[in-house]
Amino acid sequence: MSPIVSIFKNPPDGGRGFHRDIRVRWALEEVGQPYQLRLLTFSEMRHLEYRQLHPFGQMPTYEDGDLALFESGAIVHHIAQQYPGLLPTDRNSRSRAVMWMFAALDTVEPAISSGSVSHVQQRIHQLSTALGDNEWLDGDFSAGDLLMVTVLRVLRGANLLEANSMLNSYVERAEKRPAFQRALRTSSNHVRSP
Ligand SMILES: N[C@@H](CCC(=O)N[C@@H](CS)C(=O)NCC(=O)O)C(=O)O
C-alpha cells in the first residue's frame, strides 16, 4: 500500500503548486515512490476525524501504514531519510542539507510570511550570496533545495525573486526537474476517496 498525502480538493491556487503539499509530492517524485492523494474540502479539514491526523486542521498530512505525520518539513525529512536521493550519505554533508531545510522553513519562510519587503529583500540578498554561482545550496540537489525552492517560488510575480537573477535561475532550474514537473501534474489516478 503506497503512502497517502492529504491535499486540498479545490486548491485556492488553482493547482499551481503554491501550497505546501507540493513539497511532499515533489519529494516522493524525486525518490521515485508511488503515492495516493486524498482530496479534502475545507469543511472536511475541520472535522474532528481529520484533527486526529492534523491537530491544526491543515494540509498536508502523510500516512504510511501505522505512521501519520503532519508538517511538510517533517514529512519531507522522513521521506528523505527513508529513501535515497534527497540527503547525502556522508554524515557532514547530510547535516548541512538538513541545516538548509531548517534555513528554508525557519529563516527564509518567516521573512516572506512577515510581508515586510525589506526583510524579504535582505534574505534574498543573503541567500543569493550563499548560493553564489553554485547549482545547488551544498553539492548535489537535496531536500534543502527542495524546501528552499518551494518557499521562494511563492514570491513569483512580486518582482522580488525576479530582481535577483542568480536566485531566480536557481528556482527555475529546480522547477525544470522532471520530478517537480510530475508533482505539478499529479494525475487523477493518484486520487483515492476520503
Ligand atoms: N507549517 C505547516 C503549515 C501548513 C499550512 O499552513 N497549510 C496551509 C496550506 S499551504 C493550510 O492548510 N491552510 C488552511 C488552514 O490553515 O486552514 C506545514 O509546513 O505543513
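Our structure is the block above this text.
The following refers to the structure shown. The shown structure was predicted, so the numbers you read here are calculated from the model rather than taken from an experiment.

Near the ligand the following residues occur: Phe8, His19, Arg20, Arg23, Met45, Arg46, Gln58, Met59, Pro60, Glu71 and Ser72. A distance of 3.0 Å is found between an oxygen atom of the ligand and a side-chain nitrogen or oxygen belonging to Gln58. Ser72 places a polar side-chain atom, nitrogen or oxygen, 2.6 Å from an oxygen atom of the ligand. Contact with the protein chains hides 77% of the accessible area of the ligand, taken as 510 Å² for the molecule alone. For the ligand, the cavity whose grid points lie within 2 Å of the majority of its atoms is the largest pocket. Partitioned by chemical class, the residues of the shell around the ligand number four nonpolar, three polar and four charged.

Let us look at the pairing of strand S3 (residues 61-64). Of the strand pairs in this sheet, strand S1 (residues 4-8) and S3 are connected by three bridges, and their pairing is antiparallel. The partner of Ile4 across the bridge, within S3, is Glu63. Where S3 lies against strand S4 (residues 67-70), four bridges are found, and the strand directions are antiparallel. Its bridge partner lying in S4, Glu63 is registered against Ala68. The loop that links S3 with its antiparallel partner S4 comprises two residues; one of these, Gly65, has a positive phi angle of about 60 degrees.

A few words now on the packing of helix H4 (residues 72-82) against helix H7 (residues 143-152). Interaxial distance between H4 and H7 falls to 10 Å at its minimum, and their mutual angle equals 155 degrees. If you check the angle between H4 and H7, you find them roughly antiparallel. Here H4 and H7 pass one another in a crossing that is right-handed. Only Ala143, Leu146 and Leu147 of H7 make contact with H4, whose side of the interface consists of Gly73, Val76 and Ala80.

Calculation rules
- Along each chain, residue indices are assigned from 1 in the same order as the chain's sequence is written.
- Note on the predicted model: pLDDT of at least 70 is required for a residue's local features to be given, and 80 or more for side-chain atom pairs to be given and counted; whole-chain, interface and lining totals, by contrast, use all residues.
- Hydrogens and waters are ignored; side-chain quantities use all the structure's heavy atoms.
- Whether a residue is near a molecule or strand depends on its heavy atoms: it is near if one of them lies within 4 Å of it.
- Under the rule applied, a polar contact is a pair of N or O atoms within 3.5 Å (in protein, one hydrogen donor and one hydrogen acceptor; residues adjacent in sequence only if both atoms are side-chain atoms).
- Note on areas: these come from Shrake-Rupley sampling with a 1.4 Å probe, and a residue is covered only by the protein chains present in the view.
- Cavities and pockets are defined on a 1 Å grid built over the protein atoms alone: a cavity is a set of grid points where a 1.4 Å probe fits but cannot escape, while a pocket is an open set with protein on both sides within 12 Å along at least five of seven lines, and lining residues are those with an atom within 4 Å of any such point.
- A pocket or cavity is taken to hold a molecule when more than half of that molecule's atoms are within 2 Å of the pocket's grid points.
- Ten residue types, Ala, Val, Leu, Ile, Met, Phe, Trp, Tyr, Cys and Pro, are classed as nonpolar, four, Asp, Glu, Lys and Arg, as charged, and the remainder, Gly among them, as polar.
- Being paired, for any two strands, means DSSP has found at least two bridges between them.
- Put simply, DSSP marks the helices as runs of H or I at least four residues long and the strands as runs of E at least two long, and each gets a number from the N terminus on.
- Helix axes are fitted to C-alpha atoms over the stretch in contact, other axes to C-alpha atoms as well, and angles between N-to-C directions run from 0 to 180 degrees.
- An angle counts as roughly parallel when it lies under 35 degrees, as roughly antiparallel when it exceeds 145, as roughly perpendicular when it falls between 65 and 115, and as oblique in every other case.
- Here is the rule for handedness: rotate from the far helix to the near one, and if that takes an anticlockwise turn smaller than a right angle the crossing is left-handed, while a clockwise turn gives right-handed.
- Whether two residues touch is decided by their heavy atoms; if any such pair falls within 4.5 Å, the residues are in contact.

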